[in-house]
Amino acid sequence: TQLLEQSPQFLSIQEGENLTVYCNSSSVFSSLQWYRQEPGEGPVLLVTVVTGGEVKKLKRLTFQFGDARKDSSLHITAAQPGDTGLYLCAGIPSGTYKYIFGTGTRLKVLA
Amino acid sequence: SAVISQKPSRDICQRGTSLTIQCQVDSQVTMMFWYRQQPRQSLTLIATANQGSEATYESGFVIDKFPISRPNLTFSTLTVSNMSPEDSSIYLCSVGAGTGYGYTFGSGTRLTVV
């Protein structure tokens, strides 16, 4: 079974703190996407990373794709309550055609 | 990117009944995807719906339980049949945002079976 393991599973932090979410697999991915899902909504695409070692920034969010394209990370600087939600990584493992989602990280930022 | 309207947004249903979920896309798309998100879990693909052909179901999901219609390139329905409390989940439809560029999702249907 192809898996995308995310850590931590849950995270509760104070406003202003920094955090990093990890997405790991034993499989290689040609690209990975990160989504955020807020309560009562579907996941919303945040970013796609394609090249090994690539770093993309979206305001206070920094996304990195591992050199071997087997892992990715999401770093949030100075978290705000509006960052609260479920963060999901997703992609198609090389050699398959199936789009899979990570196990998810549920973030709560307290004011 | 496409805009997807999904309804109902939520429903509470009696066990043994069926619920049909509708998804309308604002542009023509070849494939639409149906996902299930069980409480506190990630997304699992139920099936892929192509216009003009039978839907393709993932392992663990069968047509008798989750019949899908795809009458045209902008619309699809998923029916959850003979429901039990274990079917309580969020059901989501989605379309591709372009090869290798992820998916756009509807806002989901939160189903509670009592």
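It should be emphasised that the depicted structure is a prediction, and the values quoted were computed from it without experimental measurement.

Trainee: How do you make sense of the interface of chain A and chain B when you look at a structure like this?
Mentor: Many authors give the size of an interface as the accessible area that is lost as the parts come together. Chain A puts 18 residues into the contact, and the matching count from chain B is 16 residues. Buried area between chain A and chain B, both sides added, is near 1,300 Å², and the carbon and sulfur share of it is 54%. If you sort the residues of chain A by the area they bury against chain B, Pro43(A), Tyr99(A) and Phe101(A) come out on top, with a joint share of 30%. Seen at the junction of chain A and chain B, the total is one salt bridge. In this structure, Glu58(B) engages Lys98(A) in a salt bridge whose closest nitrogen and oxygen atoms are separated by 3.3 Å. At the level of secondary structure, the elements contributing two or more residues to the side of chain A that touches chain B comprise strand E4 (29-37), strand E5 (44-49) and strand E9 (85-93) of chain A. At four residues, E4(A) tops the list of elements feeding residues into the side of chain A that touches chain B. Per-class residue counts for the side of chain A that touches chain B are seven nonpolar, eight polar and three charged.

Trainee: Can you help me understand the pairing of E9(A) in this one?
Mentor: Residues and elements named next belong to chain A. Counting buried positions along E9 yields eight of nine residues, so the element is predominantly enclosed. Here seven bridges tie E4 to E9, and the two strands are oriented antiparallel to one another. If you follow leucine 32 over to E9, its bridge partner there is glycine 91. Direction of pairing for E9 relative to strand E11 (residues 105-110): antiparallel, over a ladder of three bridges. Of the residues in E11, the one forming a bridge with tyrosine 87 is threonine 105.

Trainee: How should the side chain of Ser89(B) be read in this particular structure?
Mentor: Residue and element names in this part refer to chain B. Here serine 89 shows up in strand E9 (residues 89-96). Given the relative accessible area of 4%, serine 89 is considered buried. Not counting the four nearest positions on each side in its chain, serine 89 is found in contact with Arg36, Gln37, Gln38, Pro39, Thr109, Arg110 and Leu111.

Trainee: What's the story with the sheet that holds strand E6 (residues 55-58) of chain A in this structure? I'm lost.
Mentor: As a general point, the strands of a sheet are linked pairwise by backbone hydrogen bonds and lie either parallel or antiparallel. All names here are of chain A. With respect to topology, five strands assemble into an open sheet ordered E1-E3-E8-E7-E6, the strand pairing being antiparallel. Looking along the sheet, the strands with just one partner apiece sit at the ends: strand E1 (5-7) and E6. Averaged over neighbouring strand pairs, the angle between their axes works out to 15° when direction is ignored. Here E6 runs beside strand E7 (residues 61-65); their pairing, made up of four bridges, is antiparallel. From the neighbouring strand, lysine 56 faces E7, where its bridge partner is phenylalanine 63.

Trainee: Just to check I follow, could you spell out the nonpolar core for this structure?
Mentor: Note that soluble globular proteins tend to have their nonpolar side chains buried in a common cluster. By size, the foremost hydrophobic cluster in this structure holds 26 residues, and its most contacted members are Trp34(B), Ile46(B), Phe66(B), Ile68(B), Leu78(B), Tyr91(B) and Leu111(B). Put simply, the parts of the chain that give this core at least two residues each are strand E3 (19-25), strand E4 (31-37), strand E5 (43-50), strand E8 (75-80), E9 and strand E11 (109-113) of chain B. The biggest single contributor to this core is E3(B), with four residues. Core analysis: the second largest hydrophobic core is formed by 22 residues, Val21(A), Phe29(A), Leu46(A) and Leu61(A) among them.

Trainee: How should the sheet that holds strand E7 (residues 68-72) of chain B be read in this particular structure?
Mentor: Residue and element names in this part refer to chain B. Spatially, E1-E3-E8-E7 is the arrangement adopted by the four strands of the open sheet, whose pairing is antiparallel. Sheet topology places strand E1 (4-7) and E7 at the edges, where each strand pairs with a single neighbour. Direction aside, the axes of adjacent strands within the sheet are offset by 15° on average. Note: E7 against E8, three bridges, orientation antiparallel. Its bridge partner lying in E8, asparagine 72 is registered against phenylalanine 75.

Trainee: What is the right way to look at the packing of aromatic side chains in this model?
Mentor: Note on aromatic pairs: each is described by the distance of the centres and the angle between the planes. Here the structure, examined in full by the defined rule, presents 11 aromatic pairs over all chains. With centroids separated by 5.8 Å and ring planes inclined at 85°, the aromatic side chains of Tyr35(A) and Phe105(B) adopt a geometry described as edge-to-face. Taken together, the residues span two chains, with Tyr35(A) in strand E4 and Phe105(B) in strand E10 (residues 103-105). Across this residue pair, the class does not change: Tyr35(A) and Phe105(B) are buried. Judged by centre distance (5.6 Å) and plane angle (55°), the ring pair of Tyr35(B) and Phe105(B) falls under tilted.

What counts, and at which threshold
Residues numbered from 1 in each chain as written. Chains lettered and ligands numbered in written order. Predicted model: local features only at pLDDT ≥ 70, side-chain atom pairs only at ≥ 80, totals over all residues. Heavy atoms only, no water. Contact = heavy atoms within 4.5 Å. Buried area = accessible area lost by both parts, 1.4 Å probe. Salt bridge = Lys/Arg side-chain N within 4 Å of Asp/Glu carboxyl O. Helix = DSSP H or I, 4+ residues; strand = E, 2+ residues; numbered from the N terminus. Nonpolar A, V, L, I, M, F, W, Y, C, P; charged D, E, K, R; others polar. Buried < 20%, exposed > 50% of the residue type's maximum accessible area, 1.4 Å probe, protein only. Pairing = 2+ DSSP bridges. Axes fitted to C-alpha atoms, helices over the stretch in contact; angles between N-to-C directions. Core = buried A, V, L, I, M, F, W, Y, C linked by side-chain atoms within 4.5 Å. Phe/Tyr/Trp six-rings, centres within 6.5 Å; stacked < 30°, edge-to-face > 60°.

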